Every structure is written in C-alpha cells, then in structure tokens.
Amino acid sequence: MSLRIVVTVKYVPDATGDRHFADDLTVDRDDVDGLLSELDEYAVEQALQISENSDDDVEITVLTVGPEDAKDALRKALSMGADKAIHVEDDDLHGTDAIGTSLVLAKAIEKAGYDLVISGMASTDGTMGVVPALLAERLGVPQVTLLSEVSVEDGTVKGRRDGDAASEQLEASLPAVVSVTDQSGEARYPSFKGIMAAKKKPVQSWDLSDLEIEAEEVGLEGAYTVVDTAAERPARTAGTIVKDEGEGGKQLAEYLASQKFV
C-alpha cells in the first residue's frame, strides 16, 4: 500500500524584521526577508515521522502558494526530508485572503492526489488558523485539527488535542485534513546531506489556469476580507521609573492599579 501526504506550507515575512504595509495595504514582502513559517515546520516534521513509522510506501509532497521567493520555503521543507514540491505562482494571486488561499490549495491538492493533508496550526503572519478547516470543507473530508500528537494506521489518522482542562483522543478515516500545534515535536534541522539532496528533488510550478481558477476568484478583487486602514505602531516611550526610598512597593502597587494590571 502507499500513503500520499500533502503538507501545506507558507513563505512568510521574518517576524524579527521591520515589516510594513504596501500602498495597497497588503504586506510589503519586498521590504523584508522571508522564510518557511515556523509553525509549518512542525507539519513537515509530523509527515516525516509518519513516514518513518509506517510499513507502507509514503510519499510526502510540500505545497505552497506564493511569489517566486516562496520556493525558499519549499527548499527548506525538501531539505528536511520531503520528497517533492509544488509551487502555485500567479500574479493574480496578489492580495488573496484565507478563503481564496483555501480554494487554490484545495484545487492543487486534488490535482496532486492525496490521502492525508497536514498543516501547521496557523501561519506566523496572518495567524488566522482557519485554512485547515476551510480546506477540509472544500475537499469534503473530515478535519482533525490542533493536534499535539498524530499517527496513521490502517487507513485511519489518530491524534491527541490538548486543551486547558483536558485532552481529547480523536480519529478520522482517510482521506482527511489535520493540523498540528507547536507542541507536536521539535522540527528537525536540515542536514548537509539533506540540503544537497533537496537540489535534485522535483518542484512543479502551476498557475491559476492549471488549476482552472479564474482570476476574479482570488487576489484583492476576490477577497472576502479587506484592510481599510493601517498605521505604524507608535514608537516606544520610556517607561515609568520607581525609585525605592522606602515607599517603592506602595508606588509600584499604585502604578499597577492605575494601569488596571491589578
């Protein structure tokens, strides 16, 4: 038997960089370095662990939607151990929101073929966390989201979802969509051998026409969500200094109370 896993990954602006909005109020991605979303690294890691623990032949495909530079995210995932990659790139995708992105991903996943889709719990730029659920709805398959532990056995995906007060054991028949949290296990660091091997792994490039998607369905024109205004965060001001001359504790308590921290 064989198991086809598709891992959705995103190329995001470096959170440590100085990020800005462009004139059309989308993120200015040319003004900051990008990388594979850290939360998606956990998804790649779980796919690799499923492969390593499986008696079946497992093929892992990483899929991203984004500009030319998004190939860097795919190369990182391939160097970790994924088998092949798909890059959906089209100028008309600029400004696509989560709903439009889920459409593109779903069409690409159907075209690629799959048994299991694994996503991170959210992207580190949008942090909406809704794409896995949207994907499952579009694909018409079960969703098992926010897992801190995941495994596949006999055509069933199983996992543990940890909440504040309890943990749930969940399972679904394949095909299915799952998302994993940052508690699912530390993502491996690509080895030199993996980095070199990644250069020879296949990367397919598709555009909207390959997926039979009209430009009006995606991009800023097709977005269901719109940013009306944006302003830069005010510069940080100097904090309040309390000198302890016998009344420091009282002054600190009064300050915390005035700021409604206590």
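The structure contained in this document is the topic of the report that follows. Treat the numbers as computed from the prediction; the structure is a model and nothing was measured.

## Quick notes on the overall build of the protein
Logical step 1: Looking only at helices and strands, one finds seven helices and 12 strands in the protein.
Logical step 2: Oriented by its inertia axes, the alpha-carbon framework of the protein measures out at about 75 × 45 × 40 Å.
Logical step 3: A separation threshold of at least 6 residues defines the contact pool for the protein, and within that pool the share at least 24 residues apart is 69%.
Logical step 4: A total accessible area of about 15,400 Å² is found for the protein, and carbon and sulfur atoms account for 46% of it.

## As for the pattern of salt bridges
Logical step 1: Within the structure shown, the criterion is met by 11 salt bridges.
Logical step 2: Note that Asp-115 and Arg-4 form a salt bridge whose closest N and O atoms lie 3.3 Å from each other. You can see Asp-115 sitting in the loop between α3 (98-112) and β6 (116-120) and its partner Arg-4 sitting in strand β1 (residues 2-8), a full 111 residues away along the chain.
Logical step 3: Taken together, the shared-partner salt bridges in this structure form one network comprising Glu-45, Glu-52 and Arg-188.

## Focus: helix α4 (residues 131-139)
Logical step 1: Those residues of α4 not exposed but buried are Pro-132, Leu-135, Ala-136 and Leu-139. End-on, the buried residues of α4 take up no more than an arc of 100°, which puts them together on one face.
Logical step 2: Looking at the buried positions of α4, the neighbouring elements they touch are β1, α3, β6, β7 (143-147) and β11 (176-180).
Logical step 3: The first or second residue beyond α4 is Gly-140, which carries a positive phi of 70°.

## So, the nonpolar core
Logical step 1: In terms of nonpolar packing, the biggest core is built from 37 residues, with Ile-5, Val-7, Val-44, Ile-60, Val-62 and Ile-118 touching the most fellow members.
Logical step 2: A total of seven residues in this core trace back to one element, the largest contributor, which is helix α1 (residues 38-52).
Logical step 3: When residues no more than four places from it in sequence are discounted, the contact partners of Ile-60 are Ile-5, Val-7, Ala-47, Leu-48, Ser-51, Ala-82, Asp-83 and Lys-84.
Logical step 4: Counting residues in hydrophobic clusters, the runner-up holds 23 residues, among them Leu-105, Ala-136, Val-177 and Leu-211.

Rules used throughout
- Residues numbered from 1 in each chain as written.
- Predicted model: local features only at pLDDT ≥ 70, side-chain atom pairs only at ≥ 80, totals over all residues.
- Heavy atoms only, no water.
- Helix = DSSP H or I, 4+ residues; strand = E, 2+ residues; numbered from the N terminus.
- Contact = heavy atoms within 4.5 Å.
- Areas by Shrake-Rupley, 256 points an atom, 1.4 Å probe, with all protein chains shown as cover.
- Salt bridge = Lys/Arg side-chain N within 4 Å of Asp/Glu carboxyl O.
- Buried < 20%, exposed > 50% of the residue type's maximum accessible area, 1.4 Å probe, protein only.
- Arc of directions from axis to C-beta.
- Core = buried A, V, L, I, M, F, W, Y, C linked by side-chain atoms within 4.5 Å.

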